[in-house]
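Analysis of the macromolecular model
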Amino acid sequence: MSWIVDHHTAIICAGSLFIVCLASRFSKRKLVGGIPLPPGPAGLPFLGNVLSINSQEPWETYAAWGAQYGDLVYARFVNQDVVIINSEKIAKDLLEKRSSNYSDRPYLPTRLPFGWTHNFAFTPYGNEWRLARRLFHQGFRAEASLTFRPMQIRKSYQLLTNLLESPQNFSAHLTTFSSSIAMSATYDYETAPTDDPIVSVVEKANNLGLQYMTPETTLILNIFPFLLHLPSWFPGATMKRNANLCTKYGIEMVETPIEYVQKNMAAGTAGPSLVSDLLRMRERQDPDRLADFDAALRQSSASAFSGGSETVNFIEYPSVSSHITILKQTSTMLLIFILAMVLHPHVQVRARAELDAVVGKHRLPDYSDRLSLPYIEAIIREVARWQPMVPLAIAHAATNSDVYEGFYIPKGTTVIANAWAMARNEAVYPQATEFIPERFLDASGQLLNAEASTTAFGFGRRTCPGRHLADASLYIAIASTLALFEFSKAKDDQGREIDFVPKYTVGVTRHPDPFPCRIVPRPGVDGEKLAAIFDPVP
Ligand code: HEM
C-alpha cells in the first residue's frame, strides 16, 4: 500500500482520528424508522467491516457473506454505508428497475481537485453525466458502432499477422489490437507501436493521477477533507501541489488528440470517428449551450479512449476496503479466451469444425457469419462468465433512501454488484468453475437465449456504453484466431507439455498472469496464405 501523505500530514490526521472515532460511535444505525438494514456481518467500532475483507479478492468475501446472510448484504466501511448485491435478480430489481435511484456513483473526493472530470464513469448522476453519455452514445450505440466494423476487421488482420510473426508476444499483440481500435474509433488515430506522442501524454497524466484515485486517498480525504485546502506552500501539502499538476496533465491528455482531429478536419483528411462526428454536431449547437456541449464532448471522448484502451480505465472506488481497479477490458477478455483454449483443446476442435463448415477454409469469418456460428457465440459468453474480469463492476450509489423487500437502504449508500458471485451461482451455472460453452446451447447446438447476459457489462443506466464496440472486437478476434491458429500448452526441451495452474493479478484487475502457451498456424497457413485470404483491406 503506498501512502501518499507525508509525515506532517500523518500527524494532523492522527489527532483528528480520535475525534472521528468518537463521532462514529454515535452514528451507528441498526433500525431506521423501525425498518432494519439488510443483514450483514457485525463490524468494529469506527472501522466497521473493513478488516474482515480479503483485500486481494474482496468479491470472495462478499460472496461468503452472501452465503451466510443472503443475496443483499449490508456492511459499513468506516463511515460509509455499503450494500452488496450477490444475485442477478436483485441487481436488476434495484439497478435497472429502480435505476432513477441507483445510477449515482460514490463520492470520489479526488475527482474535482485532481481534474479527473474527463471520464464520465466517475461523474455523479445528473445533467452533466447525461449529456456526456448521450454524446458517447451518438458514436457507440449499436447501429452507430457498425461504422467501425471495417476498421475492426483491418485491425484483426493486423492481429493475425502479428501472431504469425511473433506468437510469443501474444499478450502485447492483444493490447495493440484493443488500444488501436479505441484510438481509431475515438479519434481516427493510428497509434505508433512505440513512443507514440499521444499515448505518452496520456501515460504522464495517468501515472500521476492514478496514485491519488486509490481507496487510501479516498479514505483520508473523506475523513480529513481540509488536506486539499491547505495552501500549496504549507508543509504537508504535497497532495495539493500534485493535484494542480495532475489537473494540468489531464487537460493536455484531453486536448492533444482533439487538436489532432481538428487539424485533420481542416485539411479534409479526417476519417470517421466519435470526435469528428461530435465536432460537426458542435457547429449546429445553440451558442449559449456551447460551454456544456464542449465539456461533454471532452468527457465522452476521453471516456471512450479510456474505456477501450489499455492506458487508463475505470477506477473502482466503492470503499476503503476495496481496491483500485484498472480494467484492461477487451484485451484482458481475449487473454482469458486464449487461456481457456490452451486448457480446453476439445473446445477448439468443436469451434474449428463449426468454422470450417460455415465459413470454409478459403476466407476468414466476418460479421455476416456471426448468426451462423452459435458455438463461437457460446465461447464468447463463457469467456465473459468463466473468469469475470470486472468482478465488482463499478460501484453505484443510492441517490435517496429506499426500502427493498423490507430492508432499508440509506441515502448515499455505495451499492456493489458482485458479478463474480453471480457468475459462480451453481443454481444458474452448474459446475460454475469449469469452462463449458455448451451450457449456453440446446441439444441441437443452438443458443438457448438470443440475448447474452449483461452481467459482465454492469447494470441499468450506467451499463457499459462501449459494449457494442467491445463485443464486435471480441467476436472478430475470437472467430478469426480460431480459424487460423491452434493454441496449446508450451513444450519443454524434451518436448513435454508444460503444465501450469493459472494465476491472476487481482486487486488492480482480475487479469491472467503470463502463462506458457504455444500458438501455431493451422496446417497450411503461412504468410502467403494469410495475404491471399485477407479480403482487400476494407
Ligand atoms: C470487454 C470489454 C468491456 C467490459 C467487460 C466493460 C465493462 C464495464 C463495466 C462493468 C462498467 C460499469 C457498469 C456499471 O456501472 O454498472 C463499464 C462502464 C463503462 N464502460 Fe465499459 N467495458 C468494456 C469495454 C468498454 C469499451 C471498449 C469502452 C469505450 C469505447 C467502454 C466504455 C465505458 C464507459 C464510458 C463506462 C462508464 C459508463 C457510465 O458511468 O455511465 N467500455 N464498462
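Under an unreviewed UniProt entry, the protein chain has the name Cytochrome P450 and belongs to Hygrophoropsis aurantiaca.

Another aspect to go through is the sheet that holds strand β8 (residues 414-417). Either a parallel or an antiparallel arrangement is found when strands of a sheet pair, and the pairing is made through backbone hydrogen bonds. Spatially, the four strands line up as an open sheet ordered β3-β4-β8-β5, and their pairing is mixed. In this open sheet, the two strands that pair with only one neighbour each are β3 (72-77) and β5 (396-397). Where β3 meets strand β4 (residues 80-85), six bridges bridge the pair, whose relative direction is antiparallel. In the sheet register, A75 faces β4, and the bridge partner there is V82. Packing against the sheet, helix α2 (residues 58-69) makes contact with β3, β4 and β8, and its axis sits at approximately 125° to β3. Packed onto the sheet, helix α3 (residues 88-97) meets β3, β4, β5 and β8 and runs at close to 130° relative to β4.

To continue, consider the side chain of N162. Relative to the elements of secondary structure, N162 occurs in helix α6 (residues 149-165). Overall, the relative accessible area of 15% leaves N162 in the buried class.

No protein donor other than C464 (SG) coordinates the iron atom of the ligand, and that contact is at 2.3 Å. Counting through the fold element by element, C464 comes out in the loop between α16 (419-423) and α17 (467-484).

This next bit is on helix α14 (residues 345-358). In a regular helix each residue adds 1.5 Å, so 14 residues correspond to 20 Å; α14 covers 20 Å between its end C-alpha atoms and thus fits that length. Of all the residues in α14, the buried ones are V347, Q348, A351, R352, E354 and L355. Projected onto a plane normal to the axis of α14, the buried residues spread over an arc of 160° and lie on a single side. Seen from the buried face of α14, the exposed residues on the opposite side, beyond 90 degrees, are H346, V349 and A357. Tucked inside the fold, the buried residues of α14 contact α13 (329-343), α15 (374-386), α17 and β9 (485-488). Phi for G360, located one or two positions after α14, is positive at around 85°.

Right, let's get into the packing of aromatic side chains. As enumerated under the stated definition, the model contains 14 aromatic pairs in all. With a centroid separation of 4.8 Å and an interplanar angle of 45°, the aromatic rings of F136 and F140 are classed as tilted. Placement of the pair is F136 and F140 together in helix α4 (residues 127-140), with a separation of four residues, close to one helical turn. Assessed through its relative accessible area of 5%, F136 is described here as buried. Measuring from centroid to centroid gives 5.5 Å for F170 and F515, while their planes differ by 55°, and the two rings are tilted. Of this pair, F170 sits in helix α7 (residues 170-187) while F515 sits in the loop between β11 (511-512) and β12 (518-521), and the two are 345 residues apart along the sequence. Assessed through its relative accessible area of 7%, F170 is described here as buried. Accessibility expressed as a relative area gives 8% for F515, which makes it buried. These aromatic residues form a ring-pair network of at least three members: F120, F136, F140 and F148. Between the NZ or CZ atom of R130 and the centre of the ring of Y125, over which it lies, the distance is 5.0 Å. Sitting above the plane of the W420 ring, R424 keeps its charged end 4.4 Å from the centroid.

Our focus in this paragraph is α6. Taking 1.5 Å per residue as the helical rise, α6 with its 17 residues ought to reach 24 Å, and the 24 Å between its terminal C-alpha atoms agrees with that figure. Turning to α6, its buried residues number three or more, namely M151, Q152, I153, K155, S156, Y157, L159, L160, N162 and L163.

The next thing to look at is unusual backbone geometry. With phi around 65°, F46 is a residue other than glycine that occupies positive phi space. Topologically, F46 is positioned in the loop between β2 (35-36) and α2. Using a relative accessible area of 12% as the deciding quantity, one classes F46 as buried. In this model, A393 sits at a positive phi of 45°, which is unusual for a non-glycine residue.

Lining the immediate surroundings of the ligand are 28 residues, of which R105, Q329, H396, R462 and C464 lie closest. Within the contact set of the ligand, an oxygen atom lies 2.8 Å away from a side-chain nitrogen or oxygen of R105. Side-chain polar atom of W129 to an oxygen atom of the ligand: 2.9 Å apart, as the coordinates give it. The set of elements that each furnish at least two residues to the shell around the ligand consists of α4, α12 (290-308), α13 and α17. For the shell around the ligand, the leading source of residues is α12, giving four residues. Within the shell around the ligand, the residues separate by chemical class into 17 nonpolar, eight polar and three charged.

By the definition in use, this model includes 21 salt bridges. K155 serves as the salt-bridge partner of E190, at 2.9 Å between the closest nitrogen and oxygen. You can see E190 sitting in the loop between α7 and α8 (197-212) and its partner K155 sitting in helix α6, a full 35 residues away along the chain. Residues R496 and D492 are paired through a salt bridge, measuring 3.3 Å at the closest nitrogen-oxygen approach. Among the charged side chains, a salt-bridge network with shared partners connects K89, D93 and K97.

Our next topic: the nonpolar core. One broad rule of soluble globular proteins: the nonpolar side chains tend to lie buried together. Formed by 133 residues in total, the largest nonpolar core has its most connected members in I338, I376, I379 and L482. In this structure, L482 is in contact with F337, M341, Q348, A351, R352, L355, I376, I379, F487 and R522, ignoring residues within four places of it in sequence. Core analysis: the second largest hydrophobic core is formed by 18 residues, L37, V83, I409 and A417 among them.

This next bit is on the side chain of S303. Relative to the assigned elements, S303 resides in helix α12. Residues contacting S303, with those up to four places away along its chain left out, are H118, N119, F120 and F136.

The rules behind the values
Residues numbered from 1 in each chain as written. Predicted model: local features only at pLDDT ≥ 70, side-chain atom pairs only at ≥ 80, totals over all residues. Heavy atoms only, no water. Pairing = 2+ DSSP bridges. Helix = DSSP H or I, 4+ residues; strand = E, 2+ residues; numbered from the N terminus. Contact = heavy atoms within 4.5 Å. Axes fitted to C-alpha atoms, helices over the stretch in contact; angles between N-to-C directions. Buried < 20%, exposed > 50% of the residue type's maximum accessible area, 1.4 Å probe, protein only. Donors = N, O, S within 2.8 Å, 3.2 Å for Na, K, Ca; no water. Expected span 1.5 Å × (residues − 1). Arc of directions from axis to C-beta. Phe/Tyr/Trp six-rings, centres within 6.5 Å; stacked < 30°, edge-to-face > 60°. Lys NZ or Arg CZ within 6 Å of the ring centre and 35° of its normal. Near = heavy atom within 4 Å. Polar contact = N/O pair within 3.5 Å; in protein donor to acceptor, adjacent residues only side chain to side chain. Nonpolar A, V, L, I, M, F, W, Y, C, P; charged D, E, K, R; others polar. Salt bridge = Lys/Arg side-chain N within 4 Å of Asp/Glu carboxyl O. Core = buried A, V, L, I, M, F, W, Y, C linked by side-chain atoms within 4.5 Å.

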